[in-house]
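A closer look at the structure
For reference, the chains in residue letters:
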Amino acid sequence: SDKNSQLLEQLTTAEGQMDAAQRDAAALRDSEARLKLEIDAVEAERLRLENNLTDMQKLKADNQKLVRSEVTRLTQTVLATSDKNSQLLEQLNTTESQMAAAQRDAA
């Protein structure tokens, strides 16, 4: 009877330990499931950020191309205007010389 009591107590203790182990296992499974959800969320955020980075890099490249194009266009405009100004200055000098010569001839 004493032996049966000890065995019954051991069995009760073992069942309690099994129940605790099963609860621990269930808690671990829940924790793993939460961690997997967090990992999935972090992965989705990483992909979103990578896509944003790609979009930003494309926009930067497009803007740099646009700026280079505009600088080229403005440089050409400045050079053409400068050339036209030189021509007009040369014409003005020629006209002034011709006027001075005409005044001398008239005098």
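Helix and strand counts for the protein stand at one helix and zero strands. Taken over the C-alpha trace, the protein has a radius of gyration of 45 Å; the compact-globule value for 107 residues is 13 Å, which it surpasses by more than 25%. Overall size of the protein, expressed as C-alpha extent along the three principal axes, is 155 × 15 × 10 Å. In the protein, buried positions account for 0% of the 107 residues. On the protein, roughly 9,800 Å² of surface is accessible, and the fraction owed to carbon and sulfur atoms is 58%. When the 14 positive and 19 negative side-chain charges of the protein are each reduced to one mean point, those points stand 7 Å apart.

Moving on, we get to the pattern of salt bridges. Counted according to the given criterion, the structure contains six salt bridges. In this structure, D40 engages K36 in a salt bridge whose closest nitrogen and oxygen atoms are separated by 3.2 Å. Of this pair, D40 and K36 both sit in helix α1 (residues 2-106), separated by four residues, roughly a single helical turn. Since its relative accessible area comes to 38%, D40 is described here as partly exposed.

Take the environment of D105 next. Checked against the element boundaries, D105 lands in helix α1. Overall, D105 belongs to the exposed group, its relative accessible area being 67%. Placed 88 residues apart in sequence, D105 and Q17 show a C-alpha to C-alpha distance of 129 Å.

Further remarks concern the environment of A106. By the element assignment, A106 lies in helix α1. Looking at A106, the relative accessible area reads 68%, which means it is exposed. For the pair A106 and A44, spaced 62 residues apart in sequence, the C-alpha separation works out to 91 Å.

Let's shift gears to the environment of L74. Within the secondary structure layout, L74 lies in helix α1. The sequence separation of L74 and A107 amounts to 33 residues, and the corresponding C-alpha distance is 49 Å.

What counts, and where the lines are drawn
Residues numbered from 1 in each chain as written. Predicted model: local features only at pLDDT ≥ 70, side-chain atom pairs only at ≥ 80, totals over all residues. Heavy atoms only, no water. Helix = DSSP H or I, 4+ residues; strand = E, 2+ residues; numbered from the N terminus. Rg over C-alpha atoms; globule rule 2.2 N^0.38 Å. Buried < 20%, exposed > 50% of the residue type's maximum accessible area, 1.4 Å probe, protein only. Areas by Shrake-Rupley, 256 points an atom, 1.4 Å probe, with all protein chains shown as cover. Lys, Arg positive; Asp, Glu negative; His and termini not counted. Charge placed at Lys NZ, Arg CZ, Asp CG, Glu CD. Salt bridge = Lys/Arg side-chain N within 4 Å of Asp/Glu carboxyl O.

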